[in-house]
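Residue-level listing of the chains:
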Amino acid sequence: SGVLPLCRSPAWDRATRPPPSPSPAPGLPLAPCRAFSNNKIQVELDESSGVAMMKFKSPPVNSLSLEFLTEFSISLEKLENNRACRGVIITSAVPKIFSSGLDITEMCGKSVEHYSEFWRAVQEMWLRLYGSNMVTVAAVNGSSPAGGCLVALSCDYRIMAENPKFSIGLNEAQLGIVAPFWFKDTFVNVVGHRTAERSLQLGSLHPAPEALRLGLVDELVPEEKLMEKAAAVMAQWLALPDHARQLTKTMMRKAVLDRLVAHREEDIKNFITFVSKESIQKSLRMYMEMLKKRK
Amino acid sequence: SGVLPLCRSPAWDRATRPPPSPSPAPGLPLAPCRAFSNNKIQVELDESSGVAMMKFKSPPVNSLSLEFLTEFSISLEKLENNRACRGVIITSAVPKIFSSGLDITEMCGKSVEHYSEFWRAVQEMWLRLYGSNMVTVAAVNGSSPAGGCLVALSCDYRIMAENPKFSIGLNEAQLGIVAPFWFKDTFVNVVGHRTAERSLQLGSLHPAPEALRLGLVDELVPEEKLMEKAAAVMAQWLALPDHARQLTKTMMRKAVLDRLVAHREEDIKNFITFVSKESIQKSLRMYMEMLKKRK
Amino acid sequence: SGVLPLCRSPAWDRATRPPPSPSPAPGLPLAPCRAFSNNKIQVELDESSGVAMMKFKSPPVNSLSLEFLTEFSISLEKLENNRACRGVIITSAVPKIFSSGLDITEMCGKSVEHYSEFWRAVQEMWLRLYGSNMVTVAAVNGSSPAGGCLVALSCDYRIMAENPKFSIGLNEAQLGIVAPFWFKDTFVNVVGHRTAERSLQLGSLHPAPEALRLGLVDELVPEEKLMEKAAAVMAQWLALPDHARQLTKTMMRKAVLDRLVAHREEDIKNFITFVSKESIQKSLRMYMEMLKKRK
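Since the structure is predicted, the reported quantities are computational estimates derived from the model, not experimental observations. (Residues numbered from 1 in each chain as written. Chains lettered and ligands numbered in written order. Predicted model: local features only at pLDDT ≥ 70, side-chain atom pairs only at ≥ 80, totals over all residues. Heavy atoms only, no water.)

Asker: Teacher, can you tell me more about the overall build of chain A here?
Answerer: Along the backbone of chain A there are 10 helices and 12 strands. Taking the intrachain contacts of chain A between residues at least 6 apart in sequence as the baseline, contacts between residues at least 24 apart amount to 78%. Total accessible area on chain A is roughly 11,900 Å²; 55% of this is exposed by carbon and sulfur atoms. (Helix = DSSP H or I, 4+ residues; strand = E, 2+ residues; numbered from the N terminus. Contact = heavy atoms within 4.5 Å. Areas by Shrake-Rupley, 256 points an atom, 1.4 Å probe, with all protein chains shown as cover.)

This is how it looks when you write it as structure tokens:
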């Protein structure tokens, strides 16, 4: 638990700071967070293009556990602070699944302290990703429910494999739980109020073609072309001067980021109260049972 | 006039309250409002499905008179408080018209007290309907201008008869009057800012196919399939756990509901000032004359 | 520099004022601003229809210089105050270009005082146009980047010539600069948050067909039909009673207008700080060099 809060303020704060003075040797990682490990996410930076590839490799379903989230945030921070890195492509190394979302075992039968630490890690991940100064492209090569969908929604651009068996959506309502307000804000910013209202209330998981129609993803490509397309999109975005693009991104996203920053502790308390309810614990246990039976 | 303000706080307040303790005998109506009568709206609750059917039957055009609005709010409250009821389908028993909107005779040549009471009843209806914890489906089986359109916009889902002669829209500007800010907020939440701006300024009545294209309604079906489709949609929404769905709905709609609650008395005063103007009275009288000649 | 601030408060303030008492002789222009000149914009009012035609004629590219903006604001004010004028069609007398946007020479190597005066003139133009009580139709008969796009976005309706060589967009990011927040607010109100976020970050210039698809313009017509179509659209909007339409327009646009009014001096200071940076000066000089080489 010594890992969070992370060592640095969210990256999006920096958009208003003066540009950093002479850069360190390119590729030399800053090392403010020694606890960093690399078990669940594979990160490779191509210094010639300035593009990092981040691959979720936490089988069976890349669920967002406390450990995964911590590694995710630290990886994002390292890239953010590495002047050689201008963009990151996020994808999965696990077949058929991008990420299954928050790890329900972190929410079941744990202590209040654990819930608090877990929820802070979820917030931290989102603040870093949604507020990243880097160009962020999600290459969604599998299903992406709930928190997995949030990861995709928080990127600058979403490309999904053209496979109608893959679905994406904020389906929390199906589990008897409610997406936090900042999941909702992120969703509304992508698909608009009406689509978000309907999809959130129904807890819809949208097959890829529907996700495209709703604007939840920006384009579909055959799965074997996904990485090639992601690289092409990244190159297009990196053709813009960084500083103007970053300030523009901040302008678009600041209101929603600020809202969580202003209500962060309250949001953690709400989560603890909610998840501590016996009715919710029961729902989550039932859901986990159901998942086990499916296998 | 002893009916309003209604006996209870708006339903949407309850979303944050703890769930009610052991329910009363299903179907037993709570009776806080003895003045209740049932002249203009037919309400039938199917306790096996938990779905109520609400049919407007106030010929010739289901106009939203003070009496109609009062009955509407009371009916909604009764259903809301009835644990056996989880959803309501709203439709019309009058051919070719869903509702013609606010009853202009309530706004013409009446006292300030009357205008005040009438406007409060319009507000009350909207607060209850837009903030309902029940699943609300509008089966729009006829034209639905102005206040009639507001009723449809306030539901969770809108199905319209596939008849290009039926139209729907907030056409207040055509009458020389202005839709209140909360009509506008509701409209923007459904169709977005641009479509709302253009449609409201032009006072457009959109034929059913155009209404679908703009997102003003969610789908069109042949008129004879309307009720069947409404029941199917309702079943889909009721498949979700109530509590999570209700909290999600509140999250989506609270900002707009709160805005009227915060400015309710001011909004009534504005309405009185506006409607008391001789120029507006003249516009409304001309409009009524025109309607009479049409017959 | 004796011209700005203009003699009157923004037109949109008037929407909440009582309607003016007995009108002066129709067509008699009020004359609060004697400094008015007419070098860069040709204005013709057809008193029978109440429609003014405003043609940008500042070759080679109708760039929005201080002089152009001043004349634009004064022309708008004169029409606004002329009871014979109810609507204005804005178009270009220069082939292939609607307007190239802000005149970069006004931002390069000038004094702080000049930057301040220039930016105030940009604000003033937008406050008058976006808040105009008149019906405003943009007949976009050529390319329309950056500030030119803002002019079109600020109108009530946008018709563009059906020529894929003509493009439109807020491409500031391409130049290494950032669109001000009120450019962004205006854009979001037209195309929604997601489209705005992507388009602004990429500094996209959208060819006419794409602009239509994104909702950036309302329709495309063959270039030779553009003025005819603009007149027909204007007639449709003028069929509505002015007062209700104006109040509705104010209701839709007031929040965004108020935001600039509240932060006007701060916005000027930000512009001065930004444009005074050597890095920005360098970007702008490079861009101007590039434009010169293109010729």
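From this point, the narrative continues.
Asker: I'm lost on the packing of aromatic side chains in this one. Help?
Answerer: Each aromatic ring pair is specified by the distance between its two centres and by the angle formed by the two planes. Tallied over the full model, the rule gives 36 aromatic pairs over all chains. For the pair B:W126 and B:Y130, a centre-to-centre distance of 5.2 Å together with 15 degrees between the ring planes defines the contact as stacked. Of this pair, B:W126 and B:Y130 both sit in helix α2 (residues 112-130), four residues apart, roughly one helical turn. Note on B:W126: relative accessible area 0%, which makes it buried. Each ring, one from B:W182 and one from B:F183, has its centre 5.0 Å from the other, and the planes form 65 degrees; the classification is edge-to-face. Of the two residues, B:W182 and B:F183, both sit in the buried class. Aromatic ring contacts, followed pair by pair, group A:Y115, A:F118, A:W119, A:W126, A:Y130, A:W182, A:F183 and A:F271 into a single cluster. (Phe/Tyr/Trp six-rings, centres within 6.5 Å; stacked < 30°, edge-to-face > 60°. Buried < 20%, exposed > 50% of the residue type's maximum accessible area, 1.4 Å probe, protein only.)

Asker: Would you mind going over the interface of chain A and chain C with me for this structure?
Answerer: Each partner contributes residues to the interface: chain A has 19 residues there, and chain C has 20 residues. Overall, the association of chain A and chain C removes approximately 1,800 Å² of surface from exposure, summing both partners, and the carbon and sulfur fraction of that is 62%. The largest share of the area that chain A buries against chain C comes from A:L240, A:M251 and A:M252, three residues that together contribute 35% of it. At eight residues, the largest contribution of residues to the side of chain A that touches chain C is made by helix α8 (residues 242-262) of chain A. Here the side of chain A that touches chain C is built from residues that sort into 10 nonpolar, three polar and six charged. (Buried area = accessible area lost by both parts, 1.4 Å probe. Nonpolar A, V, L, I, M, F, W, Y, C, P; charged D, E, K, R; others polar.)

Asker: Whenever I open this one, the environment of C:W126 confuses me. Can you help?
Answerer: Through-space distance from the C-alpha of C:W126 to that of C:L69 is 9.6 Å; in sequence the pair is 57 residues apart. Each residue touching C:W126, except ones within four places of it in the same chain, is listed here: C:G131, C:L150, C:S154, C:W182, C:T186, C:V256, C:L257 and C:L260.

Asker: Got a minute to help me understand the relation of the copies chain A and chain B in this structure?
Answerer: What connects the two chain copies is a rotation about an axis and a shift along it. Turning chain A through 120 degrees and shifting it by 0.0 Å along the axis lays it on chain B, with an RMSD of 0.0 Å. Such a combination of turn and shift is consistent with a three-fold rotation axis. When C-alpha positions in chain A are compared against the rotation axis, the closest is assigned to A:G192, at 4.3 Å. (Least-squares fit on C-alpha atoms with pLDDT ≥ 70 in both.)

Asker: Help me understand the environment of C:V217, please; the structure alone is not making it clear to me.
Answerer: Residue and element names in this part refer to chain C. Among the secondary structure elements, V217 is positioned in the loop between α6 (208-214) and β12 (219-221). V217 gets classed as buried once you look at its relative accessible area, which sits at 1%. C-alpha separation for the pair V217 and A152, spaced 65 residues apart in sequence, amounts to 8.4 Å. Beyond its immediate sequence surroundings of up to four residues, V217 is in contact with R158, M160, I168, A211 and L212.

Asker: Teacher, can you tell me more about helix α1 (residues 66-81) of chain C here?
Answerer: Helical geometry note: an α-helix holds 3.6 residues per turn, so side chains three or four residues apart project in the same direction. With 16 residues, α1(C) extends 22 Å from end C-alpha to end C-alpha; this agrees with the ideal 22 Å at 1.5 Å per step. Within α1(C), 14 of the 16 residues are buried, leaving the element largely enclosed by the surrounding structure. (Expected span 1.5 Å × (residues − 1).)

Asker: Just checking my understanding: could you explain the pattern of salt bridges for this structure?
Answerer: Oppositely charged side chains can form a pair if their charged atoms are brought close together. With the rule as written, the count across this model stands at 57 salt bridges over all chains. The salt bridge involving B:R198 is made with C:D218; its shortest N-O contact spans 3.7 Å. On the criterion of chain membership, the pair formed by B:R198 in helix α5 (residues 193-202) and C:D218 in the loop between α6 and β12 is interchain, its members lying in two chains. For C:E197, the salt bridge is made with C:R194, and the minimal N-O distance between the two is 3.2 Å. Of this pair, C:E197 and C:R194 both sit in helix α5 (residues 193-202), three residues apart, which is roughly one turn of the helix. In this structure, C:E197 and C:R194 share a single accessibility class: buried. (Salt bridge = Lys/Arg side-chain N within 4 Å of Asp/Glu carboxyl O.)

Asker: Can you help me understand the sheet that holds strand β9 (residues 157-161) of chain C in this one?
Answerer: One key point about sheets: their strands pair by backbone hydrogen bonds, in either a parallel or an antiparallel sense. Residue and element names in this part refer to chain C. Read across the open sheet, the six strands follow the order β1-β2-β4-β7-β9-β12; overall the sheet is mixed. Looking at the sheet topology across the chains shown, the edges are occupied by β1 (41-46) and β12. Within this sheet the neighbouring strands show an average axis-to-axis angle of 20 degrees, counted without direction. In the sheet, strand β4 (residues 87-92) pairs with strand β7 (residues 135-140) via four bridges, with the strands oriented parallel. (Pairing = 2+ DSSP bridges. Axes fitted to C-alpha atoms, helices over the stretch in contact; angles between N-to-C directions.)

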